[in-house]
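Summary of the model geometry
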Amino acid sequence: MGVTLEEMKKYLRVDFDDDDALIEKLIEEAKNRCKDILRIEEETDTSSISNFDLGVMYCVAYTYEHREDCDYKSLNLALRGLLFGDREARF
């Protein structure tokens, strides 16, 4: 299914269309960040990963709210904790 723009705007409580392009870019970046943390390939189907959409929504909300001072280290640690159960074990 995946996270949609409308769903994300509702989650962020954004009622205007001014930031649609920004939110769409943040959704794509969040999907890539979650896949990187999960250590899965770009084309992998994420529908079976239980917390993937939640991770994407958390990542988008964090980066949207902290546009000026985003702490990516803290964000990555939070996402690792959220996605840990589905993370590929490899070195």
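Up top is the structure.
Presented here is a report on the structure given in the accompanying data block. On a predicted model such as this, the values are computed, not experimentally measured, just so you know.

Regarding the packing of helix α2 (residues 20–38) against helix α3 (residues 52–65)
In contact at an axis separation of 8 Å, α2 and α3 are set at 125 degrees when each is read in the N-to-C sense. Relative to α3, α2 is oriented oblique. Crossing angle aside, the handedness with which α2 passes α3 is right-handed. Contacts between α2 and α3 involve L22, I23, L26, I27, E29, A30, K31, R33, C34, K35 and L38 from the first element and F52, G55, V56, C59, V60, T63 and Y64 from the second. A breakdown of the residues in the contact of α2 with α3 according to their chemical character gives 12 nonpolar, two polar and four charged.

Focus on the nonpolar core
If you look at the biggest cluster of nonpolar residues, it comprises 26 residues, and the most contacted ones within it are M8, L12, I23, I27, V56 and V60. Only α1 (5–12), α2, α3 and α4 (72–83) provide two or more residues apiece to this core. Among the elements that take part in this core, α3 stands out by supplying eight residues, more than any other.

Brief notes about α1
Listed in full, the buried residues belonging to α1 are L5, M8, K9 and L12. Relative to the axis of α1, the buried residues are bounded by an arc of 100 degrees and lie together on one face. Opposite the buried face of α1, at more than 90 degrees from it, the exposed residues are E6 and K10.

Let's talk about the pattern of salt bridges
For the structure on display, the rule yields five salt bridges. Of the charged contacts in the structure, one is a salt bridge between E28 and K31, with a shortest N-O distance of 3.7 Å. You can see E28 and its partner K31 sitting in helix α2, three residues apart, about one turn around the helix. Assessed through its relative accessible area of 23%, K31 is described here as partly exposed.

Description of the packing of α3 against α4
Relative to each other, α3 and α4 sit at 165 degrees, their axes nearing to 10 Å. Taken together, α3 and α4 sit at an angle that is classed as roughly antiparallel. Handedness of the α3/α4 crossing: right-handed. Contacts between α3 and α4 involve F52, L54, G55, Y58, C59, Y62 and T63 from the former and Y72, S74, L75, A78, L79, L82 and L83 from the latter. Its residues assigned to classes, the contact of α3 with α4 comprises 11 nonpolar, three polar and no charged.

About the thresholds
- Residues numbered from 1 in each chain as written.
- Predicted model: local features only at pLDDT ≥ 70, side-chain atom pairs only at ≥ 80, totals over all residues.
- Heavy atoms only, no water.
- Axes fitted to C-alpha atoms, helices over the stretch in contact; angles between N-to-C directions.
- Helix = DSSP H or I, 4+ residues; strand = E, 2+ residues; numbered from the N terminus.
- Parallel < 35°, antiparallel > 145°, perpendicular 65-115°, else oblique.
- Left-handed = near helix turned anticlockwise from the far one by under 90°.
- Contact = heavy atoms within 4.5 Å.
- Nonpolar A, V, L, I, M, F, W, Y, C, P; charged D, E, K, R; others polar.
- Core = buried A, V, L, I, M, F, W, Y, C linked by side-chain atoms within 4.5 Å.
- Buried < 20%, exposed > 50% of the residue type's maximum accessible area, 1.4 Å probe, protein only.
- Arc of directions from axis to C-beta.
- Salt bridge = Lys/Arg side-chain N within 4 Å of Asp/Glu carboxyl O.

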